[in-house]
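Each chain is listed here by its residues.
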Amino acid sequence: MAFHEQGLDEHLVREKVLLLASGVVVLSLLINATTLTKFLKLLGLCDVSVAKRMAMYSAVQRVTESSQNTLSMLKIDRFLADANWETAEQRVHVEDPYKTSIEEVSIEDFCPTARVTKCPDCENNIPYVPSQREREDMMEEARMRVLKAQKTSYWKQYSSGMLNRQAARTLINTADNMSDLKGKSVFYMHFSWE
């Protein structure tokens, strides 16, 4: 190797290579760990659309309601009378992952009919109209949900024998391709077959 030709000690070279490689790894980890979150927020990659937040809020509310109903039914079971219900309630509690410490998420914040803002001069409620970006995000979220529902429907039809393998594969692949075409209507898939 090169260190033999230059008369260097093999053990010393190995230690230096190990030290330099470890230093590069540690420095890159420290730099990435401290700056990656800020960089992602700056690029807007951590933003969650209003439609996703509303869907998550609704799902968390349904799970919470269902768990409370189930716990209340189990509490009256005579075989579970000596259970620790406080621990059980803490274990089944579901926290909304999109909820921040600054804002309290409520359905009124996301419901288009309840969106109002206060006028700073007269203190009157003024209806809030979603911005063009918010509308586009909601439409894109709705389009993706419809495509997911279509793919699920195709799988169910294939499982029940209403579609053969080739037809199901073609329909699912077409729905996957439509999910890549941002902004295209779901009905575009129908017209692309003609």
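Now for a look at the structure at hand. Going along each chain's sequence as written, the residues are numbered from 1 onward. At least 70 in pLDDT is required for a residue's local features to be given in this predicted model, at least 80 for side-chain atom pairs to be given and counted, and no such filter applies to totals for whole chains, interfaces and linings, which use all residues. No hydrogens and no water enter the side-chain calculation; it runs on all heavy atoms of the structure.

**Here's the deal with the overall build of the chain**
Phase 1: In this text, helices come from DSSP runs of H or I with a minimum length of four residues, and strands from runs of E with a minimum of two, each type numbered from the N-terminal end. For the chain, the count of helices and strands is eight helices and two strands.
Phase 2: In the chain, the order of α-helices and β-strands from amino to carboxyl end is α-α-α-α-α-β-β-α-α-α.
Phase 3: To sort residues, take the accessible area from a 1.4 Å probe on protein chains only and compare it with the maximum for the residue type: under 20% means buried, over 50% means exposed, and anything in between is partly exposed. Residues counted as buried form 16% of the 194 residues belonging to the chain.
Phase 4: We call two residues contacting when some pair of their heavy atoms lies within 4.5 Å. For the chain, the share of sequence-separated contacts (at least 6 apart) that also reach a separation of at least 24 residues comes to 49%.

**Examining the packing of aromatic side chains**
Phase 1: Between the rings of Phe, Tyr and Trp (Trp by its six-membered ring), a pair exists once the centres lie within 6.5 Å; its type follows the angle of the planes, with under 30 degrees stacked, over 60 edge-to-face, and the other angles tilted. Within this structure, the stated rule accounts for one aromatic pair.
Phase 2: The interplanar angle of 80° and the centroid separation of 6.0 Å between the aromatic rings of Trp155 and Tyr158 together place this pair among those described as edge-to-face. A residue pair is termed a helical-turn pair when its members lie 3 or 4 positions apart in one helix, as Trp155 and Tyr158 do in helix α6 (residues 132-159) at three residues.
Phase 3: For Trp155, a relative accessible area of 49% translates into the label partly exposed.

**Details of the nonpolar core**
Phase 1: Counting residues in hydrophobic clusters, the biggest one holds five residues: Tyr154, Leu163, Ala168, Leu171 and Ile172.
Phase 2: Of the residues forming this core, the biggest block, three residues, is contributed by helix α7 (residues 165-180).
Phase 3: Leave out the neighbours within four places in its chain, and Ile172 touches Lys151, Tyr154 and Trp155. The term nonpolar core refers to a set of buried residues drawn from Ala, Val, Leu, Ile, Met, Phe, Trp, Tyr and Cys, joined through side-chain atoms within 4.5 Å.

**Thoughts on α6**
Phase 1: The first and last C-alpha atoms of α6 sit 41 Å apart over 28 residues, in line with the 40 Å expected at 1.5 Å per residue.
Phase 2: Three or more residues of α6 are buried, namely Glu134, Glu140, Glu141, Arg143, Leu147, Gln150 and Tyr154. Here the expected span of a helix is defined as 1.5 Å times the quantity of residues minus one.

**Looking at the packing of helix α3 (residues 50-75) against α6**
Phase 1: Following both chains from N to C, one finds α3 and α6 inclined at 55°, their axes separated by 8 Å at the closest point. As far as their axial angle goes, α6 and α3 are oblique. On the side of α3, the interface is formed by Val50, Ala51, Lys52 and Ala55, while α6 contributes Glu134, Met138, Glu141 and Arg145.
Phase 2: When residue character is reported, Ala, Val, Leu, Ile, Met, Phe, Trp, Tyr, Cys and Pro are called nonpolar, Asp, Glu, Lys and Arg charged, and the others, Gly included, polar. By residue class, the composition of the contact of α3 with α6 is four nonpolar, no polar and four charged. Structural elements are reduced to axes, namely lines fitted to C-alpha atoms, with helices fitted over the stretch in contact, and the angle between N-to-C directions of any two is expressed from 0 to 180 degrees. Angles are sorted into four bins: roughly parallel if under 35 degrees, roughly antiparallel if over 145, roughly perpendicular if 65 to 115, and oblique for all others.

**Some thoughts on α7**
Phase 1: With 16 residues, α7 should reach 22 Å at 1.5 Å per residue; the first-to-last C-alpha distance of 23 Å fits that figure.
Phase 2: Every buried residue of α7 is accounted for by Ala168, Leu171, Ile172, Thr174, Ala175 and Met178. Angularly, the buried residues of α7 cover 155° about the axis, an arc narrow enough to put them on a single face. Of the residues in α7, the exposed ones pointing more than 90 degrees away from the buried face are Arg165, Gln166 and Asp180. Picture the helix axis, draw a direction to every C-beta atom, and the arc is the one those directions span.

**Details of the environment of Ser153**
Phase 1: Relative to the helices and strands, Ser153 is located in helix α6.
Phase 2: A relative accessible area of 30% means that Ser153 is categorised as partly exposed.
Phase 3: In sequence terms Ser153 and Ala168 are 15 residues apart; their C-alpha atoms lie 9.8 Å from each other.

**Remarks on the side chain of Arg143**
Phase 1: Relative to the elements of secondary structure, Arg143 occurs in helix α6.
Phase 2: Counted as a polar contact is a pair of N or O atoms within 3.5 Å, where, for protein atoms, one must be capable of donating a hydrogen and the other of accepting one, and residues adjacent in sequence contribute only when both atoms are in side chains. Of the polar contacts made by the side chain of Arg143, one reaches the side chain of Glu140; its length is 2.8 Å.

**Focus: a nonpolar patch on the surface**
Phase 1: Only residues whose relative accessible area exceeds 30% and that form no salt bridge enter a patch; like-charged residues are grouped when within 9 Å of one another, and nonpolar side chains (Val, Leu, Ile, Met, Phe, Trp, Tyr) when within 5 Å. Per-residue and other accessible areas were derived by the Shrake-Rupley procedure at a 1.4 Å probe size, with only the shown protein chains allowed to occlude residues. Salt bridge, as applied in this entry: a Lys or Arg side-chain nitrogen positioned within 4 Å of an Asp or Glu carboxyl oxygen. Where nonpolar side chains cluster on the molecular surface, the patch consists of Leu36, Phe39, Leu42, Leu43 and Leu45 and spans about 560 Å² of accessible area.
Phase 2: Considering the arrangement of structural elements, one finds Leu36 in helix α2 (residues 10-43).
Phase 3: Judged by relative accessible area, Leu36 falls into the partly exposed class, the value being 44%.

**Things to note about the packing of α6 against α7**
Phase 1: Two elements in contact, α6 and α7, have axes whose closest approach is 10 Å; the angle formed by their N-to-C orientations is 170°. Here α6 lies roughly antiparallel to α7, going by the angle between them. Here Arg143, Met144, Leu147, Lys151, Tyr154, Trp155 and Tyr158 of α6 come into contact with α7, specifically with Arg165, Ala168, Leu171, Ile172, Ala175, Asp176, Met178 and Ser179.
Phase 2: Among the residues forming the contact of α6 with α7, the class breakdown is ten nonpolar, one polar and four charged.

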